[in-house]
Every structure is written in structure tokens, then in C-alpha cells.
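An overview of the molecular structure
Each chain, letter by letter, is given below.
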Amino acid sequence: MTDLTLTLEAFTLNARVNDFLIGRLTPDDLNVSDGRGGMTVARMLSHMGASRGGWLLEMAPGFAASTLALTGGENPWRWHTTDPALIRAMLRAGDEAAIQAVQAHAASGTPFADPHGVGTFHTCPALFLTYMTVHDAGHRGQIVTLLRHAGASPERLDDLEDAWNIWRRPLTPETP
């Protein structure tokens, strides 16, 4: 198994964890924030999805079309919604676009563009998928912490912790 194959499998599991979380949030959960100016849960999830398109606009703009279609052409870094279906669609479109961009650049041996000198994973395109996985995990941790501070029950928090099981099971279509 190649490093790219392992990275793709991990990124696919990351997508399933995101789906798992979104599927367990209530409309009220989406409005939870720290009350001190931090992002709401919905804004964090929107940011998670839109950030893929934002990065792709910088380093592989030909792969950003599907995310731009969902933002209505708006800069992905400013896009947000409170609609779980749109958040899920943005995550899925961004995931697919990111995978396609990484596979194309890995196959061609060409690095991602870096027009602004911000560091766009030019040494190994697959690191973009790893970066997004870690990025998502950080925000998922923030979301669970916000829910805990907002009074989520221990049983509900235990249910959210079941997302860890996705990483432990074989990758099959039946994995939630």
C-alpha cells in the first residue's frame, strides 16, 4: 500500500467522522458558541467545508469549481451557512475536489501553486489531505467542548465519542 493510498483512506475516514458528527447535531447545537466572540458550531462546520475550496483556489484553482458553485461564487473563506445539508454538501464537494487535486498533482509530479508564498504543500501534495484531517479534528474537538459547556448530557457526549469507532473499523460501505 502506498503512502498516498493510506492518506486517501484516512481522509475518507475523516469524511465519515464529519458525517457522523453532523448527523448527531440538533438545530440548537448549530447556534452554540463560547459567548465571547468565537465561532458558532455552524460557522466552524462551514469553515471546515469551505476551507478546502479556499486552499484549492490558491494552489489548484481548476479543482475549486464545485465548492465555488455552493458558495454562489463567494470567496470560500467568507462563506457560512446554518443549513446542515449545505454544510454536508460543502464538505463532500470539498473532499472530492481535494482528492482529485492531490491525485492529479501526485500523478503529474507537479507541485501545487504557491502564488502568495503561504506554503501550499509543494513537497508532497498528499500532505494537504493530512492537513485537512488534522484541521477537521481540531474543530470537531472544539465543537464537542462547546456542547459540553452548553450542558450536553454525559450520554450525549458519549454518543459523540463513538466517532472514534469509525477509525477502528475496516473501511466498508456499511461503516456509518
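Preceding this paragraph is the structure being described.
Residues numbered from 1 in each chain as written. Predicted model: local features only at pLDDT ≥ 70, side-chain atom pairs only at ≥ 80, totals over all residues. Heavy atoms only, no water.

**A closer look at the overall build of the protein**
Cut-off, in case you're wondering: Every helix listed is a DSSP run of H or I at least four residues long, and every strand listed is a run of E at least two residues long, numbered separately from the N terminus. Here the term buried applies to any residue with accessible area under 20% of the maximum for its type, exposed to any over 50%, and partly exposed to those in between, with areas from a 1.4 Å probe on protein chains only. Every residue pair with non-hydrogen atoms within 4.5 Å of one another is taken to be in contact. Accessible surface is estimated by sampling points in the Shrake-Rupley manner with a 1.4 Å probe; for residues, cover comes only from the protein chains shown. In this count, Lys and Arg are taken as positive residues and Asp and Glu as negative ones, while His and the chain termini are left out. To locate a charge, the coordinates of NZ of Lys, CZ of Arg, CG of Asp or CD of Glu are taken.
A tally of helices and strands in the protein yields eight helices and zero strands. What you see in the protein, going N to C, is helices and strands ordered as α-α-α-α-α-α-α-α. Taken over the C-alpha atoms alone, the protein extends approximately 50 × 35 × 25 Å along its principal axes. Taking all 176 residues of the protein together, 41% fall into the buried category. In the protein, the share of contacts with a sequence separation of at least 24, taken over all contacts with a separation of at least 6, comes to 70%. Entry remark: accessible area of the protein is about 9,000 Å², with carbon and sulfur atoms responsible for 57%. Here the protein contributes 13 positively and 19 negatively charged side chains, and the mean placements of these two sets differ by 3 Å.

**Considerations on the packing of aromatic side chains**
Just so we agree on the cut-off: Any Phe, Tyr or Trp ring, taking Trp's six-membered ring, that has another such ring centre within 6.5 Å forms a pair; planes under 30 degrees apart are called stacked, those over 60 apart edge-to-face, and the others tilted.
Evaluated as defined, the whole model comprises five aromatic pairs. Measuring from centroid to centroid gives 5.2 Å for Phe121 and Tyr131, while their planes differ by 55 degrees, and the two rings are tilted. Remark: Tyr131 occurs in helix α6 (residues 127–149) and Phe121 occurs in the loop between α5 (84–108) and α6; sequence separation between them is ten residues. A relative accessible area of 14% means that Phe121 is categorised as buried. An aromatic cluster is built from Trp55, Phe112, Phe121, Phe128 and Tyr131, whose rings are joined through pairwise contacts.

**Section: the packing of helix α1 (residues 3–24) against α5**
What counts is decided by this rule: For every element, the axis is a line fit to its C-alpha atoms; helices are fit only across the contacting stretch, and the angle between N-to-C directions ranges from 0 to 180 degrees. Reported orientations rely on four angle classes, namely roughly parallel under 35 degrees, roughly antiparallel over 145, roughly perpendicular from 65 to 115, and oblique for the rest. Nonpolar residues are Ala, Val, Leu, Ile, Met, Phe, Trp, Tyr, Cys and Pro. Charged residues are Asp, Glu, Lys and Arg, and all others, Gly as well, are polar.
At a minimum axis separation of 11 Å, α1 and α5 run at an interaxial angle of 175 degrees. Classified by the angle between their axes, α1 and α5 sit roughly antiparallel to one another. Two secondary-structure elements touch here, α1 through Leu4, Leu8, Phe11, Ala15, Asn18, Asp19, Ile22 and Gly23 and α5 through Pro84, Ile87, Arg88, Leu91, Arg92, Asp95, Ala98, Ile99, Val102, Gln103 and Ala106. When grouped by side-chain class, the residues that make up the contact of α1 with α5 number twelve nonpolar, three polar and four charged.

**Structural notes on the pattern of salt bridges**
Just so we agree on the cut-off: Salt bridges are counted wherever a side-chain nitrogen of Lys or Arg sits within 4 Å of a carboxyl oxygen of Asp or Glu.
Enumeration according to the criterion identifies six salt bridges in this entry. Of the charged contacts, one joins Asp19 and Arg92 as a salt bridge, the two residues approaching to 2.9 Å between their closest N and O atoms. Placement of Asp19 in helix α1 and of Arg92 in helix α5 is noted, with a sequence separation of 73 residues between them. Given a relative accessible area of 24%, Asp19 falls into the partly exposed group.

**Regarding the side chain of Asn18**
One can find Asn18 in helix α1. Here Asn18 falls in the buried class, since its relative accessible area comes to 3%. With residues up to four places along the chain from it excluded, the contact list for Asn18 reads Met48, Arg52, Leu91, Asp136 and Arg140.

**Comments concerning the nonpolar core**
Definition in use: Take the buried residues of types Ala, Val, Leu, Ile, Met, Phe, Trp, Tyr and Cys, join any two whose side-chain atoms come within 4.5 Å, and each joined set is a nonpolar core.
Leu25, Val41, Leu45, Ile143 and Leu147 are the most contacted members of the largest nonpolar core, which totals 19 residues. Taken together, the elements giving at least two residues each to this core come down to α1, α3 (41–59), α5, α6 and α7 (154–161). Top element by residues in this core is α3. It accounts for five residues. In contact with Leu147, other than residues within four places in its own chain, are Leu25, Asp29, Val32, Ala152 and Leu160. Counting 18 residues, the second largest nonpolar core, distinct from the first, contains Trp55, Ala101, Ala126 and Phe128.

**Describing the packing of α3 against α5**
To be explicit about the condition: Helix crossings get a hand from a simple test, with the near helix turned counterclockwise from the far one by less than a right angle marking a left-handed crossing and a clockwise turn marking a right-handed one.
Packing of α3 against α5 brings their axes to within 9 Å, and their N-to-C directions diverge by 25 degrees. One finds that α3 runs roughly parallel with respect to α5. Here the hand of the crossing between α3 and α5 comes out left-handed. Here α3 contributes Ala42, Leu45, Ser46, Met48, Gly49, Ala50, Arg52 and Leu56 to the contact with α5, which in turn contributes Ile87, Met90, Leu91, Gly94, Asp95, Ala97, Ala98 and Ala101. Here the residues of the contact of α3 with α5 sort into eleven nonpolar, three polar and two charged.

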